[in-house]
Structure formats: C-alpha cells, structure tokens
Amino acid sequence: MTKEQKSRLDREIDEILSSKARQPIDFEQRRRAMAQPIEPTWRVQVRKVWSLLVASPLFLAYALVGLAILLDPAVHFLAVLLCLAAVLVIWLPGILRLIRPNGRAKTEVKYWRGQAYVSEIKSAGSRSPIDSLKRYFDARR
C-alpha cells in the first residue's frame, strides 16, 4: 500500500495539534483564577455610570430639569445652572462627535492560521459631519 502524501494544510494542522498536546494543562491555575472574585475599581464604576448617562441624554436632561424645579424656590441660581446643564447634556453627543469624529480605532484585529494580526479598517472616508459637508459641496461643483 502506498501512503498518500499529506497536503501542506494537513501538515500544519498536525504540527499545531502536536504542539498543543505537548503543553501541560494547568487546572490549578484556572481554579485559582475562578476562586478570586474580580473587584472592579472605582474608575470602572465611574466609566459605567458615565456611559449610561451619555447613552441616555434625554433621561439625564429630564432628571436635571426636575431637580432644578425642586430647587428653584430655595436656590434660584443653582436651578438656572441645572437647566443650562440639561441643555448641554442634550447637545453633548453631537459636540463629542464633532470633537472626535472617529472615536473608534482605525485598526481591527484579525486571525489567520491562529495568529493575530492588525488590519486597517477600510471605510468610505471620515464620518465627521464636517467632512461629509465637504464631500457634499465638492460633489456639487
């Protein structure tokens, strides 16, 4: 009987499986990691609260206006400041988008043959409103 020669892909799969088989499995490390509860730091908690507030600016604006209405008879100046903060909160997502139009990273991690590599994201240009206006007026010329 003649043995068929393995393809390059089969040889690479065998090599990966044999290298993984040589590595010892450390079950104790996993048990230790699972036993230790992960306590989030105060920064993580602040980020969670901030992302919740930014995700729902209308809710935050209504809460600020309600607090301003409650405080108006006692401290009129503070009530006015809270109303201004409510207006700012409503405009905050647009302002943040203008300040940093590409908030997401321009790279993407992809995997090929088990190894990670960084690839640039192919986008249709900047998503900034200013750049969109520039493209619009350039197309109208």
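Owing to the predicted nature of the structure, the values given are computational and were not obtained by experimental measurement.

Caption draft 1: The overall build of the protein, seen in detail. Along the protein, the regular secondary structure elements total six helices and two strands. Beginning at the N terminus, the succession of helices and strands in the protein can be written as α-α-α-α-α-β-β-α. Within the protein, the proportion of its 141 residues that are buried is 9%. Counted over contacts in the protein with a minimum sequence separation of 6, partners at least 24 positions apart contribute 35%. Summing over all exposed atoms, the protein offers an accessible surface of approximately 13400 Å²; the carbon and sulfur share of this is 63%.

Caption draft 2: Quick look at the pattern of salt bridges. Applying the stated criterion to the full structure yields two salt bridges. Here Asp14 makes a salt bridge to Lys6, at a shortest N to O gap of 2.5 Å. We classify Asp14 as partly exposed; its relative accessible area is 33%. Residue Arg8 is joined to Glu12 by a salt bridge in which the shortest nitrogen-to-oxygen separation is 3.7 Å. In this pair, Arg8 and Glu12 both sit in helix 1 (residues 8-22), four residues apart, roughly one turn of the helix. Its relative accessible area of 24% is what places Glu12 among the partly exposed residues.

Caption draft 3: Structural view of the nonpolar core. With eight residues, the main nonpolar core is built from Leu60, Ala61, Leu64, Ala68, Ala79, Leu82, Ala86 and Val89. Among all residues touching Ala79, those that are not within four sequence positions of it are Ala68, Leu71 and Asp72.

Caption draft 4: Structural detail: the packing of helix 4 (residues 57-71) against helix 5 (residues 76-99). Viewed as axis vectors pointing N to C, helix 4 and helix 5 meet at an angle of 170°, and their least axial separation amounts to 8 Å. Relative to helix 5, helix 4 is oriented roughly antiparallel. For the pair helix 4 and helix 5, contact is made by Pro57, Leu58, Leu60, Ala61, Leu64, Val65, Leu67, Ala68 and Leu71 and by His76, Leu78, Ala79, Leu82, Cys83, Ala85, Ala86, Val89, Ile90 and Pro93, respectively. Its residues assigned to classes, the contact of helix 4 with helix 5 comprises 18 nonpolar, one polar and no charged.

Caption draft 5: Broad picture of a nonpolar patch on the surface. A cluster of nonpolar side chains, namely Leu58, Tyr62, Val87, Leu88, Ile90, Trp91, Ile95 and Ile99, defines an oily patch on the protein surface of about 890 Å² accessible area. Every element with two or more residues in the nonpolar patch is listed here: helix 4 and helix 5. If you tally residues by element for the nonpolar patch, the top one is helix 5, at six residues. Structurally, Val87 is set in helix 5. With relative accessibility at 46%, the residue Val87 sits in the partly exposed group.

Caption draft 6: Looking closely at the confidence of the model for the protein. Here the protein averages 77 in pLDDT, while 79% of its residues score no lower than 70. The least confident element of the protein is helix 2 (residues 27-35), whose mean pLDDT is 71; the most confident is helix 4, at 87.

Rules and cut-offs
Residues numbered from 1 in each chain as written. Predicted model: local features only at pLDDT ≥ 70, side-chain atom pairs only at ≥ 80, totals over all residues. Heavy atoms only, no water. Helix = DSSP H or I, 4+ residues; strand = E, 2+ residues; numbered from the N terminus. Buried < 20%, exposed > 50% of the residue type's maximum accessible area, 1.4 Å probe, protein only. Contact = heavy atoms within 4.5 Å. Areas by Shrake-Rupley, 256 points an atom, 1.4 Å probe, with all protein chains shown as cover. Salt bridge = Lys/Arg side-chain N within 4 Å of Asp/Glu carboxyl O. Core = buried A, V, L, I, M, F, W, Y, C linked by side-chain atoms within 4.5 Å. Axes fitted to C-alpha atoms, helices over the stretch in contact; angles between N-to-C directions. Parallel < 35°, antiparallel > 145°, perpendicular 65-115°, else oblique. Nonpolar A, V, L, I, M, F, W, Y, C, P; charged D, E, K, R; others polar. Patch = residues over 30% accessible without salt bridge, like charges linked within 9 Å, V, L, I, M, F, W, Y side chains within 5 Å. pLDDT = per-residue confidence, 0-100.

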